[in-house]
Amino acid sequence: MFRKPPDAPAGVTVFVAGQPVRMAAGESAAAAVLLAGLGSSRSHPVDGGARLPYCMMGVCFECLMVIDGAPGRQGCLVPVHEGMRIEPMAGLPDLAGAPP
Amino acid sequence: MEFDIAIVGAGPAGLGAAIEAAGLGLSVIVLDEQPAPGGQVHRAIEVRKAAGRLDGEDDRDGAALVAAFRASGAVHRPGVQVWWMDPPAGGAGFRLVATQDGASQGIAAKRVLLAVGALERPAPFPGWTLPGVLTVGAAQILLKSGGNLAAAPLVIAGQGPLPLLFASQLAKAGMVPDLILDTAPADAWRRALPHLPGALRGWRQLARGLHLMLALRRSPPHCVARVREIEALGEHRLEAVRYRTEAGWTQVPATILLVHEGVIPNVHAAMSLGVEHVWDDGQACWRPKLGVDGETSVPGLFIAGDAAGIGGWRVAAIDGRLAGLRAAEALGASTDAARRSRLRLERRPHAALRPFLDALGRPREELLAPADATVVCRCEMVTAGAVRAAVQAGATGPNEVKIRTRCGMGPCQGRLCGPSLTMLVAEARGVPPAKAGHLRIRPPLKPVTLGDMAGIPPEDRAG
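Presented here is a report on the structure given in the accompanying data block.

What counts, and at which threshold
Residues numbered from 1 in each chain as written. Chains lettered and ligands numbered in written order. Predicted model: local features only at pLDDT ≥ 70, side-chain atom pairs only at ≥ 80, totals over all residues. Heavy atoms only, no water. Helix = DSSP H or I, 4+ residues; strand = E, 2+ residues; numbered from the N terminus. Rg over C-alpha atoms; globule rule 2.2 N^0.38 Å. Buried < 20%, exposed > 50% of the residue type's maximum accessible area, 1.4 Å probe, protein only. Contact = heavy atoms within 4.5 Å. Areas by Shrake-Rupley, 256 points an atom, 1.4 Å probe, with all protein chains shown as cover. Lys, Arg positive; Asp, Glu negative; His and termini not counted. Charge placed at Lys NZ, Arg CZ, Asp CG, Glu CD. Axes fitted to C-alpha atoms, helices over the stretch in contact; angles between N-to-C directions. Parallel < 35°, antiparallel > 145°, perpendicular 65-115°, else oblique. Left-handed = near helix turned anticlockwise from the far one by under 90°. Nonpolar A, V, L, I, M, F, W, Y, C, P; charged D, E, K, R; others polar. Phe/Tyr/Trp six-rings, centres within 6.5 Å; stacked < 30°, edge-to-face > 60°.

**Some words on the overall build of chain A**
- A tally of helices and strands in chain A yields 1 helix and 9 strands.
- The helix and strand sequence of chain A, counted from the amino end, reads β-β-β-α-β-β-β-β-β-β.
- For chain A, the C-alpha radius of gyration of 13 Å lies close to 13 Å, the compact-globule estimate for 100 residues.
- Over its C-alpha atoms, taken along the principal directions, chain A stretches across nearly 40 × 25 × 25 Å.
- Within chain A, the proportion of its 100 residues that are buried is 56%.
- The long-range share in chain A, meaning contacts at least 24 apart out of those at least 6 apart in sequence, stands at 40%.
- For chain A, the exposed area adds up to about 3,900 Å²; of that, 58% sits on carbon and sulfur atoms.
- Chain A carries 7 positive and 8 negative side-chain charges, and their two centres are separated by 3 Å.

Shown next as structure tokens:
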């Protein structure tokens, strides 16, 4: 979907569905999903269709995803950190077993 | 925690207000959803400054504004969600609840300034929920914060200054979009020309716009003008874009489609506080009804910047300063009248361009009346046809349509379908949009867990 040119800063490694992605500090989890080339960051709770981030600024809520085990996070508002684990979310957030 | 002034939003308006109010010795807290100050326009500006990647006058002035804010003494709380705001009651001031990384906190403030900026106009069209369709603003955020570039073939569809600015930023990064679809109506220039003489008072900005257009002529992207409709096609992701001009429909392959149809004020929080709003016919959006220097119909509550009405970042920074001064004065600080006059004078050339840009960027008819099959509510997948049917069945306003169709009931809480709802109800009832009304916005302003609510410290809870 998106690519990082070789000369762009990339000092942080995150894992999107297990796959390592190099990011710049200050970038968001939603950006990581777009760089990873994932086909979908959530399946829509109403029609089951694939969705990816749309507005990247906290308005549309299309980027709801599972970040470090916590479901339903707005990925575009969560800055990446070293070793962050990002997973797509199926339907509505499954809050059972989520960290408090 | 109690403050004289709580400011929501750390873009130009919020920063301007914080600098002025803190400079007068008031206790100021700035609550921001984003990880760093600057707002969308100056996103990642401190990182880019440190890396020597500032580009042009806007960047340099933005970095200076952020630096002045850092030195102002105002408390800065980045990365927080403000999801509850109560207006003053029973002698107490405003009460806000903010959550950061799962920890909730109550904040009391004598005055509140909403500097929550703008959002890109929601522009429903067939296929706009497909993966690979994003806004131009989204792609600009990806470029600014990480240097990331969209995969080709890249199609940009829309109008207004932002697609132009973004195309020039792409060109600097060595990328040319495969196709630009200009959706400005055919009569846009004819309508805008009478405003050109007034706009000349803002000649610096006008010159910058011309400069951007000229810069693109060196390696011009293929551009199609007077595009009336667009469609995104694909099974599970974007594969092609169809567009209609007077000559008919054309289809091109695409991996990424970026759309932008101008920006509108972010009115969500203001509506939840009961601020009176007016429908802006020219820009087809709601905006708060304001008095002097950002005063609203709710005593003690101010709104400044693009959240008050679109004016661009320089106007926002000045209006933020003026609102900050007025709020400080209301709390007993003595302010300098000459300074206010200077700020108002400084504001004039920056605001001069706006009537011209507004006339040029008036949304096209097809955008305001989406076809029946087009989804207007992305959260609940409600179509324009379903909204019209609800009105035919007796719903008289957006709130009744919401109850019947779930339109506006999803996690974005009507941020994206709200304007469409107002226009569709107006169209179906044959009344002006102002009469159709708007969604009632209630807290929580963001989806929160019961844990977030239970996590409010007992001393911060309402009685």
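Let's pick the thread back up.
**Here's the deal with the packing of helix 4 (residues 136–146) of chain B against helix 5 (residues 161–172) of chain B**
All names here are of chain B.
- Direction vectors running N to C along helix 4 and helix 5 enclose 30 degrees, while the axes themselves pass 10 Å from each other. Viewed along their axes, helix 4 and helix 5 adopt a mutual orientation that is roughly parallel. Between helix 4 and helix 5 lies a crossing whose hand is left-handed. Mapping the contact onto sequence places Val136, Gly137, Ala139, Gln140 and Leu143 in helix 4 and Leu162, Pro163, Leu165, Phe166, Gln169 and Leu170 in helix 5.
- When its residues are assigned to classes, the contact of helix 4 with helix 5 shows 8 nonpolar, 3 polar and no charged.

**A look at the packing of aromatic side chains**
- Scanning the model with the defined rule gives 4 aromatic pairs over all chains in all.
- Judged by centre distance (5.8 Å) and plane angle (85 degrees), the rings of A:Tyr54 and B:Trp128 are edge-to-face. With A:Tyr54 in the loop between strand 5 (50–51) and strand 6 (64–67) and B:Trp128 in the loop between strand 7 (118–120) and strand 8 (133–135), the pair connects residues from two separate chains. Each member of the pair, A:Tyr54 as well as B:Trp128, carries the same accessibility label: buried.
- When the centroid spacing of 6.0 Å and the interplanar angle of 65 degrees are considered together, the rings of B:Trp189 and B:Phe356 count as edge-to-face. With B:Trp189 in helix 6 (residues 188–192) and B:Phe356 in helix 12 (residues 354–360), this residue pair connects regions lying 167 residues apart in the sequence.
- Using a relative accessible area of 47% as the deciding quantity, one classes B:Trp189 as partly exposed.

**Topic: unusual backbone geometry**
- With an omega dihedral of -5 degrees, the bond running from B:Ala152 to B:Pro153 counts as a cis peptide bond.
- Looking at the element boundaries, B:Pro153 is found in the loop between strand 9 (149–150) and strand 10 (154–159).
- At A:Asp68, a position not held by glycine, the phi torsion is positive, near 50 degrees.
- Structurally, A:Asp68 can be placed in the loop between strand 6 and strand 7 (70–74).
- The class for A:Asp68 is partly exposed, based on a relative accessible area of 28%.
- One non-glycine residue with positive phi stands out, namely B:Ala284, at about 50 degrees.

**Digging into helix 14 (residues 384–392) of chain B**
All names here are of chain B.
- Within the sequence span of helix 14, burial applies to Ala384, Gly385, Val387, Arg388, Ala390 and Val391.
- Next to the buried residues of helix 14 lie strand 21 (375–377), strand 22 (382–383), helix 15 (398–405) and helix 16 (418–429).
- Downstream of helix 14 by one or two residues, glycine 394 has phi in the positive range, about 120 degrees.

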